[in-house]
Amino acid sequence: MSLGDMGELRVLGACPLDCPDTCSWVVTVRDGEALGMRGNPDQPYTRGALCVKVNRYLEQVKSPDRILYPLRRTGPKGSGEFERITWDEALEEISVRLRRIVDEHGGEAIWPYQGTGTLGYIQGVEGEAGRRFWNVLGASRHVANICSAAGNAGLTEINGTPGGMDPETFALSKLILLWGTNTLTSGHHLWKFIQDARADGAHVVAIDPIRTRTADQADEYLPIRPGTDAALALGLLNVVLAEGAEDRDYLARHTEGWEGFREEILRHPPEVVAEITGLPESDIRALGLRLAHTRPTGIRATMGIQRHAGGGAALRTIAAIPAVTGDWRRPGGGVAYSTSGYIHLNIDTRDDLLARPVRRRTMTRLADELDESVKCLWVYGANPMASTSDQNRIRERLLREDLFTVVMEHFPTDTVDYADIVLPATMQIEHTDLHAGYGHMYLMWNEPAVPPPGECLSTMETFRRLARHMGLTEPSLYDSDLELAEQLLSSGHPSLAGITVDRLRKEGWVRLSVPRPFTPFADGFPTPSGRLRFGSGPAYVPPRTASAAEGPYPLTLVTPASHMFLNSTFGNNPELLRRSRGPRVLVNPADAGSRGLVDGQRARVFNDVGGFEAVVEISDRVRPGVVAATKGHWRKLSAGGSTVNAAVEARDADLGRGAVYHDNLVEISPSAS
Ligand SMILES: Nc1nc2c(c(=O)[nH]1)N[C@H]1C(S)=C(S)[C@@H](COP(=O)(O)OP(=O)(O)OC[C@H]3O[C@@H](n4cnc5c(=O)[nH]c(N)nc54)[C@H](O)[C@@H]3O)O[C@H]1N2
Ligand SMILES: Nc1nc2c(c(=O)[nH]1)N[C@H]1C(S)=C(S)[C@@H](COP(=O)(O)OP(=O)(O)OC[C@H]3O[C@@H](n4cnc5c(=O)[nH]c(N)nc54)[C@H](O)[C@@H]3O)O[C@H]1N2
Ligand code: SF4
Ligand SMILES: [Mo]
């Protein structure tokens, strides 16, 4: 905190959203009001810029639509009709209901459904805020697998960790593969490092079934068939072997299972891979040659690529590339998926507070697992009615009269409409938190800049008050936010050496104590043998959509990030909603023509689980056979009243029970309305 010109206070904070960049921001405050917010020019990853979404964060903070008081449902479930009540009334009603549920059905009848609204380690999902409270009640264990689970699992199988390159080292790469990642939309701060590499002669390739704004900026673009990336990785390695460009010394010293994996590669020459991926054989061969002879090659692969039946295998096989080429020896070489593998905070969720082991409930499978055995659904930092697969079935489940639903929220979201009790939550500039980027190597501090409006409370303060109201005696339920921060930093891990709460509060951000430049696997891997494990699972698992030609739904639906929203957060911001131009679906001219679809017309995208309406945009940005519609729109703000997740099946990827948002078959036809 510092005093600027004209008596304005400058308070350092961190963006809490589920974005790899975890920006550092500066809030200017006068008389308790936030006047401005900008990216911190001193933070090396943020370098003074936020993004098109968070540039409007203060609009959201001050929005007249914010929920400022506790609410109790007055209309039928789903109506969104509520009356204002006091916190005392809310806490009393919740206490009575929770006690009764625990007495009659056991604690496991409570499902604490925590989402990615904030990635805070104190108030948010990364530190599993509220877990101590839920453990004391014996609630079901929530498995937050909605985002990156398949990729994390695939990378952990081969490398022992989801961690890889420090994204800042892309500045040193000579060949950069942007593989199933839309950098300029979903984490644009990486771009300046890519630009630095380019200024030094690097060649940049985008691999994506959609020609995104990132692909537009690349030197080369490969419009791959969705879900076939592992096959492409094998094809590229086939060329590397044909060139004799494998790093035999690295393979011998730091890997195991090479012989079997080598045979798998030899079974995937470019002509075979061309059939699978829908890419020209010559392009595969050319990129294979480039990969064979360009050191270091940096691969950025993020979550988009693993939202498929074979998503875990995709990351696992892509991660084999730098081991074969020996790129892990060099800064600027390797694969960057997530740096979360390097965050060794002490996340003490206190399982010792559980009287006995409890069952798990899986976030992505809400539509199935919100069954009669669940008597309380407690939603926080999440908006499942918009963001979770199989929307129609989730809605039916939320209508159950004997389900007690509590939602802690900023805004009257699609999910809030189904709540029995709504609790007003603070936004980031109103509470304390500790963050770590999953796309950089810094810990970040968020100091509250202004007092909470109305009667909003932070997540942890809500749980402290509820515990007190219920008369719970476990002392650790009452730890303050700063005590929680101290505990988080107390793991004793060397990467946290010299990092204290005082220092974070003073400086706002601190780089993890790791070498720079960072070459994590130059001397081996964090596996039991110290070696990378080739062949720890099938090299390529085909997508569900590989069977498209055989059924009534021949098109593959891909539902990636919107430039204007962050998941469903900002989906209600008037200006961002206007700029998003509403729900749209990209359709290739070949597919539009055969269906009589006209640009700008309203159409229905559907399959057996459900459907949604969108305006057709005929475009060669999608390959034939693929249609694309972004995530993040709100049902109640969309014509037709449902969104992309009504056509996304609740089914698991190959690993980690990851979701399959980009692996669904649909048909599209002109809409009746
Ligand atoms: N503006 C904005 N930024 C965001 C988000 C947002 O909603 N909006 N969401 C945030 C969150 S929660 C996350 S997890 C990240 C996600 O960010 P990304 O990892 O970028 O994930 P997606 O947007 O799902 O997909 C990225 C790209 O992968 C492509 N893709 C889909 N399937 C395949 C495939 O099979 N192969 C290949 N090669 N490409 C494929 C998509 O067309 C898309 O262009 O972004 C974060 N940043
Ligand atoms: N079709 C399709 N669906 C997808 C995806 C996709 O690619 N395609 N991507 C998936 C991914 S990657 C993710 S991460 C999930 C995200 O799904 P969710 O985890 O449900 O995240 P959001 O939809 O952003 O909803 C977060 C909510 O938390 C609230 N919130 C924010 N901060 C706080 C806070 O401090 N306290 C409280 N109480 N509430 C807060 C916000 O107002 C917002 O309404 O969506 C997934 N859904
Ligand atoms: S959403 Fe991402 S890019 Fe935007 S401010 Fe937050 S961390 Fe930075
Ligand atoms: Mo995510």
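What counts as what
- Along each chain, numbering runs from 1 in the same order as the chain's sequence is written.
- By the order in which they are written, chains take letters starting at A while ligands take numbers starting at 1.
- Reporting of local features is limited, given that this is a predicted model, to residues whose pLDDT is at least 70; pairs of side-chain atoms are given and counted only at 80 or more, and all residues count toward the totals for whole chains, interfaces and linings.
- Hydrogens and water are ignored here; the side-chain numbers use all heavy atoms of the structure.
- Here a helix means four or more residues in a row that DSSP labels H or I, a strand means two or more in a row labelled E, and each is numbered from the N terminus.
- Here the globule rule is a power law, 2.2 Å times the number of residues to the power 0.38, and the radius of gyration is based on C-alpha atoms.
- Two residues form a contact once any of their heavy atoms are found within 4.5 Å.
- The sign given to each residue is positive for Lys and Arg and negative for Asp and Glu; His and the chain ends receive no count.
- Working definition for charges: the position is that of NZ of Lys, CZ of Arg, CG of Asp or CD of Glu.
- Throughout, the term near means that a residue has one or more heavy atoms lying within 4 Å of the molecule or strand in question.
- Residue polarity is assigned by list, with Asp, Glu, Lys and Arg as charged and Ala, Val, Leu, Ile, Met, Phe, Trp, Tyr, Cys and Pro as nonpolar; anything else, Gly included, falls into the polar class.
- Counting of polar contacts relies on pairs of N or O atoms within 3.5 Å, with two restrictions inside protein: one atom must be capable of donating a hydrogen and the other of accepting it, and residues adjacent in sequence are counted only when both atoms are side-chain atoms.
- Residue ranges labeled as domains rest on an automatic or database domain assignment.
- Values labelled buried area give the accessible surface lost by two parts on being combined, using a 1.4 Å probe and summing over both.
- Take a side-chain nitrogen of Lys or Arg and a carboxyl oxygen of Asp or Glu: if they are within 4 Å of each other, that pair is a salt bridge.
- For two strands to be treated as a pair, DSSP must find no fewer than two bridges joining them.
- To get an axis, fit a line to the C-alpha atoms, keeping to the stretch in contact for a helix; angles then go from 0 to 180 degrees between the N-to-C directions.
- Here is the rule for angles: anything less than 35 degrees is roughly parallel, anything more than 145 is roughly antiparallel, 65 through 115 is roughly perpendicular, and the remaining ranges are oblique.
- In a left-handed crossing the near helix is turned counterclockwise from the far helix by less than a right angle, and in a right-handed crossing that turn is clockwise.
- The classification of residues rests on relative accessible area computed with a 1.4 Å probe and restricted to protein chains. Under 20% of the type maximum is buried, over 50% is exposed, and intermediate values are partly exposed.
- Values of pLDDT, the confidence the predictor places in each residue, fall between 0 and 100.
- Working definition: a ring pair exists when centres of Phe, Tyr or Trp rings (six-membered ring for Trp) sit within 6.5 Å. Plane angles under 30 degrees give stacked, over 60 give edge-to-face, the rest tilted.
- Lysine and arginine charges are scored as sitting over a ring when NZ or CZ, respectively, is within 6 Å of the ring centre and within 35 degrees of the ring normal.
- UniProt positions are given in the numbering used here, feature names are shortened, and annotations may be inferred rather than shown by experiment.

Colleague: Account for the overall build of the protein, naming residues and giving values.
Modeller: For the protein, the helix and strand inventory stands at 22 helices and 28 strands. For the protein, whose C-alpha radius of gyration is 25 Å, the value lies close to the compact-globule estimate of 26 Å for 673 residues. Each of the three principal axes of the protein carries a C-alpha extent, and together these read 70 × 65 × 55 Å. Of the contacts formed within the protein by residues at least 6 apart in sequence, a portion of 75% connects residues at least 24 apart. In the protein, the 72 positive side-chain charges and the 84 negative ones have mean positions that sit 1 Å from each other.

Colleague: Pulling in residues and values, what's your account of the site of ligand 3?
Modeller: Cys-15, Cys-19, Asp-21, Thr-22, Cys-23, Leu-50, Cys-51, Lys-53, Val-54 and His-189 make up every residue found near ligand 3. Within the shell around ligand 3, the residues separate by chemical class into 6 nonpolar, 2 polar and 2 charged.

Colleague: Please give an account of the side chain of His-563 that cites residues and values.
Modeller: For His-563, the location among the structural elements is in the loop between β23 (555-558) and α21 (574-580). At 2.8 Å, the side chain of His-563 forms a polar contact with the side chain of Thr-185. Here the side chain of His-563 touches Arg-213 through a polar contact of 3.4 Å, side chain to side chain. Once residues within four sequence positions are removed from consideration, His-563 is found in contact with Val-52, Lys-53, Leu-184, Thr-185 and Arg-213.

Colleague: Requested: an account of the domain arrangement of the protein, with residues and values cited.
Modeller: When cut into domains, the protein gives domain 1 (2-61), domain 2 (71-146 + 346-443 + 450-479), domain 3 (161-337 + 518-533) and domain 4 (544-670). Domain 1 puts 12 residues into the contact, and the matching count from domain 3 is 12 residues. Across the interface of domain 1 and domain 3, roughly 850 Å² is buried in total on both sides, 52% from carbon and sulfur atoms. Looking at the side of domain 1 facing domain 3, the largest losses of area belong to Asp-21, Tyr-45 and Arg-47, adding up to 61% of the total buried there. In this structure, the connection of domain 1 to domain 3 is made through 0 salt bridges. In this assembly, domain 1 and domain 3 are joined by 5 residue pairs in polar contact (both at pLDDT 80 or more). Residue classes in the side of domain 1 that touches domain 3 are distributed as 8 nonpolar, 1 polar and 3 charged.

Colleague: Tell me about the sheet that holds strand β25 (residues 602-606), and name the residues and values.
Modeller: By way of backbone hydrogen bonds, the strands of a sheet pair with one another, either parallel or antiparallel. Taken in spatial order, the 6 strands close into a barrel running β23-β27-β24-β26-β25-β28, and their pairing is mixed. Across this sheet, the average inter-strand angle for adjacent strands is 45°, counted without regard to direction. As paired elements, β23 and strand β27 (residues 626-628) share 3 bridges and run parallel to each other. Bridge pairing in β27 links Thr-556 to Val-626.

Colleague: Which residues make up the packing of helix α8 (residues 229-242) against helix α12 (residues 281-293), and what values go with them?
Modeller: When two helices pack together, their arrangement is given by the angle between the helix axes and by the axis-to-axis distance. Taken N-terminus to C-terminus, the directions of α8 and α12 make an angle of 60°; their axes are 8 Å apart at the nearest point. In terms of orientation, α8 lies oblique with respect to α12. Like other packed secondary-structure pairs, α8 and α12 cross with a definite hand, here right-handed. Mapping the contact onto sequence places Leu-232, Gly-235, Leu-236, Val-239 and Val-240 in α8 and Ile-284, Arg-285, Leu-287, Gly-288, Leu-289, Leu-291 and Ala-292 in α12. Looking at the contact of α8 with α12 residue by residue, the class counts come to 9 nonpolar, 2 polar and 1 charged.

Colleague: Go over the pairing of strand β16 (residues 376-380), please, and point to the residues and values.
Modeller: Along β16, 5 of the 5 residues are buried, which leaves the element largely enclosed by surrounding structure. Side chains of β16 alternate between two faces, with Cys-376, Trp-378 and Tyr-380 and Leu-377 and Val-379 buried alike. In terms of strand pairing, strand β7 (residues 110-114) meets β16 through 5 bridges, oriented parallel. Looking at the pairing, Gln-114 lines up with Tyr-380 of β16.

Colleague: Report on the confidence of the model for the protein, specifying residues and quantitative values.
Modeller: Taken over all residues, the pLDDT of the protein has a mean of 97, while the share at 70 or more is 99%. Looking across the protein, the model is least confident in strand β1 (residues 2-3), with a mean pLDDT of 64, and most confident in strand β18 (residues 421-424), with 99.

Colleague: I'd love a proper account of the pattern of salt bridges, names of residues and values included.
Modeller: Evaluation of the coordinates by the stated rule reveals 60 salt bridges. Salt-bridge contacts for Asp-327 lead to Arg-330; the nearest nitrogen and oxygen are separated by 3.7 Å. Judged by relative accessible area, which is 1%, Asp-327 ranks as buried. Accessibility expressed as a relative area gives 26% for Arg-330, which makes it partly exposed.

Colleague: For the packing of aromatic side chains, give the residues involved together with the corresponding values.
Modeller: Using the criterion set out here, one finds 16 aromatic pairs in the structure. Its end group placed over the ring of Phe-193, Arg-47 keeps NZ or CZ at 5.2 Å from the ring centre. For Arg-511, the ring lying beneath its charged end belongs to Tyr-442, and the centroid distance is 5.9 Å.

Colleague: Can you explain the UniProt feature "domain: 4Fe-4S Mo/W bis-MGD-type" (unreviewed entry) in the protein? Please cite residues and give values.
Modeller: Under the UniProt annotation, the feature "domain: 4Fe-4S Mo/W bis-MGD-type" (unreviewed entry) is placed at residues 8-65. Across residues 8-65 one finds 9% helix and 34% strand; the C-alpha atoms that close the span lie 27 Å apart.

Colleague: Talk me through unusual backbone geometry; I want residue IDs and the actual numbers.
Modeller: Between Arg-295 and the following residue, Pro-296, the backbone shows a cis peptide bond with an omega angle of -10°. Within the secondary structure layout, Pro-296 lies in the loop between α12 and β13 (297-301). With an omega of -5°, the peptide bond between Arg-516 and Pro-517 qualifies as cis. Here Pro-517 shows up in the loop between β21 (509-511) and β22 (532-533). With a phi angle near 50°, Asp-31 is a residue other than glycine that sits in the positive phi range. Residue placement: Asp-31 occurs in the loop between β3 (24-30) and β4 (33-39). Of note, the phi angle at Asn-567 is positive, near 50°, even though the residue is not glycine. Relative to the helices and strands, Asn-567 is located in the loop between β23 and α21.

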